[in-house]
Amino acid sequence: MKIKNLKVGILRKLLIVSSFSFISTSLVGCGETELSTNVIDDSKIVDFNEDSEDSFLENGIKVVKDVPGEDFKLVIEYSGELENGEYWTITDDKKLYTKIYTEGLPEGYEVYINDIHTDTSIVAKQKRMDGIKQDTMDGGVHNSTLPGFLIGDDTCYYGVNQIDGQNDEFIEGTMTGMNGYTSGSVIQERFLESDYLEKGVIANQVSSVYTLLVKGPFDQGYYGISVDDDIYIKVYNRTLFVDSYGEQCYKEYVTNEDGTVTVVTYDMDGNQKKEAKVKTYSN
């Protein structure tokens, strides 16, 4: 199911950092690359870039979560919305839509979503780039008159997470991942999509914690329960270039299990021009 044009008021909190000092040392030999130990199995990464009948972009995905200590389930439906010619990339702003409701809620129960906290980070085969936080979202109802957003088997909460492509915090973390170490004041600089793909970035991880307030028919008040979920969204692995002859071409980045990245260059007709491995750097 594709959810369009849903507007929900969300309070967003961004940490803005103008300068920092960071010093690191490396014990890894020259030319070696430390791999991520917690890289997600590729089969768990959904692809919002494929526009086909069975694509996640068209149909979304549905996740059914157990609610600790309860007989009902929490259902989360995710979907993305991309215009023609747009893809899920690291450096562009993007939106992830959610539809949340219960399944099997017993009669007489009330359930509210009191708070939603979501962190978006990048997933990479190479340790240095893996886990860098890209964006954070907080949303909920925090007052004494309304416990939250009411949900039920037939009552849904519709939300949208606007994910920044590159805010100041993400650029800071990226600089550490790209360059290893630096000191003094940082000149903020946007990185190219190819910079991330060349370092083995393969997906976004969107991790959410949903705080529920539940009240049964015989309860005097509400009690809280937290439910968490993660979704892994594949990053589009192609970039468009103009070569030294002024001709357009595109490059496809293939990240291997050993952390190395192979770049294949094609002309605009899809004919392969060349293939090369990205030079491995030391940690």
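A word on the packing of aromatic side chains
Using the criterion set out here, one finds 5 aromatic pairs in the structure. Measuring from centroid to centroid gives 5.7 Å for Y112 and Y222, while their planes differ by 85°, and the two rings are edge-to-face. Residue Y112 is found in strand β5 (residues 110–124), and its partner Y222 is found in the loop between β9 (201–215) and β10 (223–234); the two are separated by 110 residues along the sequence. For Y222, a relative accessible area of 36% translates into the label partly exposed. Residues F149 and Y157 carry aromatic rings whose centres are separated by 4.9 Å and whose planes lie at 40° to one another, so their mutual orientation is tilted. Classification of F149 by relative accessible area gives partly exposed; the value is 22%. Residue class for Y157 comes out buried when judged on its relative accessible area of 9%. Over the ring of Y222 we find K215, and its NZ or CZ is 5.4 Å from the ring centre. K251 extends its terminal NZ or CZ atom over the ring of F241, reaching a point 4.4 Å from the ring centre.

Some thoughts on the sheet that holds strand β11 (residues 238–242)
Taking strand neighbours across the sheet as the criterion, the 4 strands line up as β11-β12-β13-β14 in an open arrangement whose pairing is antiparallel. Here the strands that pair on one side only, and so sit at the sheet edges, are β11 and β14 (272–277). With direction set aside, neighbouring strand axes in the sheet form an average angle of 25°. Strand direction decides the pairing type here: strand β13 (residues 261–267) and β14, joined by 5 bridges, are antiparallel. Across the sheet, residue T262 finds its bridge partner in β14, namely K277.

Considering the nonpolar core
L74, Y78, L96, L212, I231 and I233 are the most contacted members of the largest nonpolar core, which totals 28 residues. Secondary structure elements with two or more residues in this core: β2 (61–66), β3 (73–80), β4 (94–103), β5, β8 (157–163), β9 and β10. Counting 14 residues, the second-largest nonpolar core is a separate cluster that includes A124, M129, V261 and V263.

A short note on the pairing of β9
When β5 meets β9, the two strands line up antiparallel, connected through 14 bridges. Bridge assignment links T118 to a residue of β9, and that residue is S208. As paired elements, β9 and β10 share 12 bridges and run antiparallel to each other. Within the sheet, the bridge partner assigned to V209 lies in β10 and is D228.

Thoughts on the environment of E77
Assignment of secondary structure puts E77 in strand β3. Judged by its relative accessible area of 13%, E77 falls in the buried class. For the pair E77 and I61, spaced 16 residues apart in sequence, the C-alpha to C-alpha distance is 5.6 Å. Separated by 2.7 Å, the side chains of E77 and Y101 make a polar contact.

Parameters and conventions
- Residues numbered from 1 in each chain as written.
- Predicted model: local features only at pLDDT ≥ 70, side-chain atom pairs only at ≥ 80, totals over all residues.
- Heavy atoms only, no water.
- Phe/Tyr/Trp six-rings, centres within 6.5 Å; stacked < 30°, edge-to-face > 60°.
- Helix = DSSP H or I, 4+ residues; strand = E, 2+ residues; numbered from the N terminus.
- Buried < 20%, exposed > 50% of the residue type's maximum accessible area, 1.4 Å probe, protein only.
- Lys NZ or Arg CZ within 6 Å of the ring centre and 35° of its normal.
- Pairing = 2+ DSSP bridges.
- Axes fitted to C-alpha atoms, helices over the stretch in contact; angles between N-to-C directions.
- Core = buried A, V, L, I, M, F, W, Y, C linked by side-chain atoms within 4.5 Å.
- Polar contact = N/O pair within 3.5 Å; in protein donor to acceptor, adjacent residues only side chain to side chain.

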